[in-house]
Amino acid sequence: MAERLAPPQVQIESPFMASTRGGIAVRVVYLMNAMHHSMFERGEAPYASHIINTLVTDDTSAFEREIGIEAGLVIGGKADYTAVYTDLGISSGMEHGIQRAEREGRPIVYRRLYDNALSLHELEELIRSTSPRPIEAIESLYGHILR
């Protein structure tokens, strides 16, 4: 039986924070889609701390946000490279991750999942329509961030 090679470990960077529960939900769905793309279309082992750490941190607290980002980057530092998903732009948290990857000498790749010609509104509607879970459930799970 042939030995299977381990997939490359990838630190995923995508935007998270938004001003509304619906905006956060769109970003969470986008991250789910990015992770699916990484895992199933590219054969990678993706890691995205912002889908996990934000469940236990208060992202409106600068202190807790910074601790959560740092914890994710420590684990992400073990990745083979960083994949930056840019359809929704590059946030300050993503910039932090990109700079960290550069300092650590980790390769960075930039990716898009959707057509460049879409407006932000069209893009957000498309992302909502591809949600693997009910959007209301995602809003409820991550809505605590906007206390």
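Structure first, text after, so check above.
Residues numbered from 1 in each chain as written. Predicted model: local features only at pLDDT ≥ 70, side-chain atom pairs only at ≥ 80, totals over all residues. Heavy atoms only, no water.

K.L.:
Even after reading the chapter, I still don't get the overall build of the protein, so can you show me in this structure?
P.N.:
The number of helices and strands found in the protein is six helices and four strands. Taken from N to C terminus, the helices and strands of the protein fall in the order β-α-β-α-α-β-α-β-α-α. Taken over C-alpha atoms, the radius of gyration comes to 15 Å for the protein, in line with the 15 Å a tight globule of 147 residues would show. Along the three orthogonal principal directions, the C-alpha set of the protein runs to about 45 × 35 × 30 Å. Counting every position in the protein, which comprises 147 residues, the buried fraction comes to 45%. Here the contacts in the protein between residues at least 6 apart in sequence split such that 75% fall between residues at least 24 apart. Roughly 8100 Å² of accessible area belongs to the protein as shown, and the carbon and sulfur atoms make up 56% of that amount. (Helix = DSSP H or I, 4+ residues; strand = E, 2+ residues; numbered from the N terminus. Rg over C-alpha atoms; globule rule 2.2 N^0.38 Å. Buried < 20%, exposed > 50% of the residue type's maximum accessible area, 1.4 Å probe, protein only. Contact = heavy atoms within 4.5 Å. Areas by Shrake-Rupley, 256 points an atom, 1.4 Å probe, with all protein chains shown as cover.)

K.L.:
Mind showing me how you'd approach the pairing of strand β1 (residues 9–13) here?
P.N.:
In summary, the side chains of a regular strand alternate between the two faces of the sheet. Counted residue by residue, β1 has four buried out of five residues, so it is predominantly covered. Examined bridge by bridge, β1 and strand β2 (residues 45–47) share three bridges and lie parallel to one another. Directly across from Q9, in β2, lies its bridge partner A45. Crossover connection from β1 via helix α1 (residues 21–41) to parallel β2: handedness right-handed. (Pairing = 2+ DSSP bridges. Right-handed = clockwise from strand over helix to strand, strands pointing away.)

K.L.:
Would you explain a nonpolar patch on the surface in this entry?
P.N.:
A cluster of nonpolar residues, L55, V56 and L141, forms a patch on the protein surface that exposes about 300 Å² of accessible area. Assignment of secondary structure puts L141 in helix α6 (residues 135–142). (Patch = residues over 30% accessible without salt bridge, like charges linked within 9 Å, V, L, I, M, F, W, Y side chains within 5 Å. Salt bridge = Lys/Arg side-chain N within 4 Å of Asp/Glu carboxyl O.)

K.L.:
In this structure, what is going on with the sheet that holds strand β3 (residues 81–85)? I would like to understand it.
P.N.:
Paired through their backbone hydrogen bonds, the strands of a sheet run either parallel or antiparallel. Taken in spatial order, the four strands line up as β2-β1-β3-β4 in an open sheet, and their pairing is parallel. Edge positions in the sheet fall to β2 and β4 (108–111), since each of these pairs with one other strand and no more. Adjacent strand axes in the sheet meet at a mean angle of 30 degrees when their direction is disregarded. Both β3 and β4 contribute to a ladder of four bridges, which runs parallel. If you follow T82 over to β4, its bridge partner there is I108. (Axes fitted to C-alpha atoms, helices over the stretch in contact; angles between N-to-C directions.)

K.L.:
How do you make sense of the layout of surface pockets when you look at a structure like this?
P.N.:
Picture a little ball the size of a water molecule; that probe, rolled over the atoms, points out where space is still empty. When its volume is computed, the largest pocket comes out at roughly 340 Å³. Surrounding the largest pocket, 23 residues form its lining, F16, H50, R65, I69 and G93 being those nearest its centre. Elements supplying a minimum of two residues to the lining of the largest pocket: β1, α2 (49–52), α3 (62–76) and α4 (92–104). Looking at which element gives the most residues to the lining of the largest pocket, the answer is α4, with five residues. Taken together, the residues of the lining of the largest pocket sort by class into seven nonpolar, 13 polar and three charged. (1 Å grid on protein atoms, 1.4 Å probe; cavity = no way out; pocket = protein on both sides within 12 Å on 5 of 7 lines; lining within 4 Å. Points joined across faces, edges and corners; volume = space filled by probe spheres on them. Nonpolar A, V, L, I, M, F, W, Y, C, P; charged D, E, K, R; others polar.)

K.L.:
Quick question: what am I supposed to make of the packing of aromatic side chains here?
P.N.:
Centre-to-centre distance and the angle between the planes together describe a pair of aromatic rings. On inspection of all chains with the given rule, the structure shows two aromatic pairs. Taken together, a centroid distance of 5.9 Å and an interplanar angle of 70 degrees make the contact between F16 and Y142 edge-to-face. Of the two residues, F16 sits in the loop between β1 and α1 while Y142 sits in helix α6, which places them 126 residues apart along the sequence. Look at F16 and you get buried, because its relative accessible area is 7%. A relative accessible area of 5% places Y142 in the buried class. Seen from their ring centres, Y30 and Y114 are 6.4 Å apart, and the 35 degrees between their planes marks the pair as tilted. (Phe/Tyr/Trp six-rings, centres within 6.5 Å; stacked < 30°, edge-to-face > 60°.)

By themselves, these observations are geometric and do not establish any function.
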